[in-house]
Amino acid sequence: MGFLPKGTEWIIILIIVLVIFGPKNLPKLGASLGKTVKNLREGMEGDDAPKGSDEAPAEEESEEDAKIRELEAQLAEAKKKKEEQDAE
């Protein structure tokens, strides 16, 4: 990868960062940068469920979703019939 800085360039970059931010703020800056990289990686992975959650796998959820959709359709039919009976 030709776009990454080489040895001497890293030293110059580190000196400039030290002058700009100061030695007291470097740990905060490093922690912030680390959190940002972590969030970017997690965002790019696109995990649906957070780590450590006990959610069911997507295959089981789709069966449950099908049951829910079926029940919603039955409920909609029942409401429609009730409205028709009330209209008469």
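Refer to the structure printed above.
All figures in this text were calculated on a predicted structure; none of them were measured in a lab.

S.K.: In this structure, what is going on with the overall build of the protein chain? I would like to understand it.
M.R.: Counting its secondary structure elements, the protein chain contains three helices and zero strands. What you see in the protein chain, going N to C, is helices and strands ordered as α-α-α. Expressed as a percentage of its 88 residues, the buried residues of the protein chain come to 1%. As displayed, the protein chain has an accessible area near 8500 Å², and 60% of this comes from carbon and sulfur atoms.

S.K.: Any chance you could explain a nonpolar patch on the surface here in plain terms?
M.R.: On the surface, Ile12, Ile16, Ile20, Phe21 and Leu29 cluster together into a nonpolar patch covering about 460 Å² of accessible area. By residue number, the principal contributor to the nonpolar patch is helix H1 (residues 7-21), which donates four residues. With respect to the secondary-structure elements, phenylalanine 21 resides in helix H1. Owing to a relative accessible area of 39%, phenylalanine 21 belongs among the partly exposed residues under this scheme.

Rules used throughout
Residues numbered from 1 in each chain as written. Predicted model: local features only at pLDDT ≥ 70, side-chain atom pairs only at ≥ 80, totals over all residues. Heavy atoms only, no water. Helix = DSSP H or I, 4+ residues; strand = E, 2+ residues; numbered from the N terminus. Buried < 20%, exposed > 50% of the residue type's maximum accessible area, 1.4 Å probe, protein only. Areas by Shrake-Rupley, 256 points an atom, 1.4 Å probe, with all protein chains shown as cover. Patch = residues over 30% accessible without salt bridge, like charges linked within 9 Å, V, L, I, M, F, W, Y side chains within 5 Å. Salt bridge = Lys/Arg side-chain N within 4 Å of Asp/Glu carboxyl O.

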